[in-house]
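Examination of the molecular architecture
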Amino acid sequence: MPDPRDVVIDVRGVQKDYHGLRPLRVRHLEVHAGESIALLGFDQAAAEVLVNLITAATVPDSGELRAFGQLTTAIQDAQTWLQSLDRFGILSERAVVLDNMTVEENLTMPVTMALHDVPDAIRSRIRALAEEVGIAATQLGLPVGALSPSARLRLRLGRALGPDPRVLLAEHPNASLPRDDLASFAADYARIVSRRGVASVVLTADLAFASAIASRILTLQPATGELKPLAGWRRWFS
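For clarity, every value in this text was computed on a predicted model and none was experimentally measured.

Turning next to the sheet that holds strand β5 (residues 70–71). Read across the open sheet, the 4 strands follow the order β2-β1-β4-β5; overall the sheet is antiparallel. The outermost strands of the open sheet, each flanked by one partner alone, are β2 (24–32) and β5. Here strand β1 (residues 7–16) runs beside β2; their pairing, made up of 8 bridges, is antiparallel. Looking across to β2, one finds that D10 is bridged to E30. Helix α1 (residues 44–54) contacts β1, β2 and β4 (62–67) of the sheet and is inclined by roughly 55° relative to β2.

This is the structure:
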């Protein structure tokens, strides 16, 4: 049985009105340290709302949400909130990348803003991170605007991992990914999450992708907020 002390995200009876067809409801979700979960049934807007709730960017209208044992509503000042964000990596199209800057500079920014005098130790760390997420050394000097959709997604993944988060939250990461690149990205994502031992919550509409990157798949019942385990799923791309 999982140790309850290892719960990094605990959602109970949460409801949030975001001017959608209905409020976002999540009856109960527990994510344990190192666990990899895929959530189906959240569209792009609902996925953004859930990620914002988990990271305390917004608070629920009702219910409770704890991250690392702390109620998100207990965070009272901006500095405490910013410090709490270091524990999360967010893989999302909402995360800004600067097209006119190089891939290496974009990977460096989440680690240090000293882009023109980067210490050798940090530069080595950034290049190792690029290799980890599948960015070739020859791409590091390119402007981000020159990247393919697949390479751009890998850059976003590298930026999310740069601060060494304990939880990785991904909002429909495969939505802009060419179908031919899906299997290789899914395999790399699963490998990275497993090797790092981070908890991963991926919101996606693609069952094949979900089955390739998660050990547990849950489907949202929007009317009730229940997250139902997906019965009889099989692993794809194996």
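Its location among the elements puts E132 in helix α4 (residues 120–133). Here the side chain of E132 touches R195 through a polar contact of 2.3 Å, side chain to side chain. For E132, the residues in contact, after removing those within four places along its chain, are R191, I192, R195 and R196.

Enumeration according to the criterion identifies 18 salt bridges in this entry. Across the salt bridge formed by E93 and R156, the nearest N and O atoms sit 3.6 Å from each other. One end of the pair, E93, is in the loop between β6 (88–91) and α3 (103–108); the other, R156, is in helix α5 (residues 149–161), with 63 residues separating them in the sequence. Between E132 and R196 there is a salt bridge, with its nearest N and O atoms 2.9 Å apart.

Turning to empty space enclosed by the protein, a few remarks are in order. Counted by the stated rule, this structure contains 1 cavity of 30 Å³ or more. Roughly 50 Å³ of volume is contained in the largest cavity. Along its surface, the largest cavity is lined by I54, T55, A56, A67, Q70, T72, I75, S84, R87 and F88. Partitioned by chemical class, the residues of the lining of the largest cavity number 5 nonpolar, 4 polar and 1 charged.

To continue, consider the layout of surface pockets. Considered as a void within the structure, the largest pocket measures approximately 520 Å³ in volume. In this structure, the largest pocket is lined by 20 residues; those nearest its centre are F88, G89, I90, A95 and R159. Counting residues per element, the ones that place at least two in the lining of the largest pocket are α1, α2 (78–85), β6 and α5. Broken down by class, the residue content of the lining of the largest pocket amounts to 13 nonpolar, 3 polar and 4 charged. Space inside the second largest pocket adds up to approximately 160 Å³. Looking at the lining of the second largest pocket, its residues break down into 8 nonpolar, 2 polar and 3 charged.

Rules used throughout
Residues take numbers from 1 onward in each chain, read along the sequence in its written order. For this predicted model, a pLDDT threshold of at least 70 governs which residues receive local features, and a threshold of 80 or more governs which side-chain atom pairs are given and counted, while totals over whole chains, interfaces and linings are taken from all residues. The side-chain values count all of the structure's non-hydrogen atoms but skip hydrogen atoms and water molecules. Following DSSP output, two strands are said to pair if at least two bridges run between them. Helix numbers and strand numbers start at the N terminus; a helix is a DSSP run of H or I with at least 4 residues, a strand a run of E with at least 2. Contacts are assigned to residue pairs that have any heavy atoms within 4.5 Å of one another. Axis definition: a line fitted to C-alpha atoms, limited for helices to the stretch in contact. Angles are taken between N-to-C directions and run from 0 to 180 degrees. Residues adjacent in sequence count toward polar contacts only when both atoms are side-chain atoms; beyond that, a polar contact is any pair of N or O atoms within 3.5 Å, and within protein one must be able to donate a hydrogen and the other to accept it. Each reported salt bridge corresponds to a side-chain nitrogen of Lys or Arg within 4 Å of a carboxyl oxygen of Asp or Glu. Both site types are read off a 1 Å grid over the protein atoms alone. A 1.4 Å probe that fits but cannot get out defines a cavity, while an open set with protein on both sides within 12 Å along at least five of seven lines defines a pocket; lining residues have an atom within 4 Å of a point. Grid points are joined across faces, edges and corners, and a volume is the space filled by probe spheres set on the points. Polar here means any residue other than Ala, Val, Leu, Ile, Met, Phe, Trp, Tyr, Cys and Pro, which are nonpolar, and Asp, Glu, Lys and Arg, which are charged; Gly is therefore polar.

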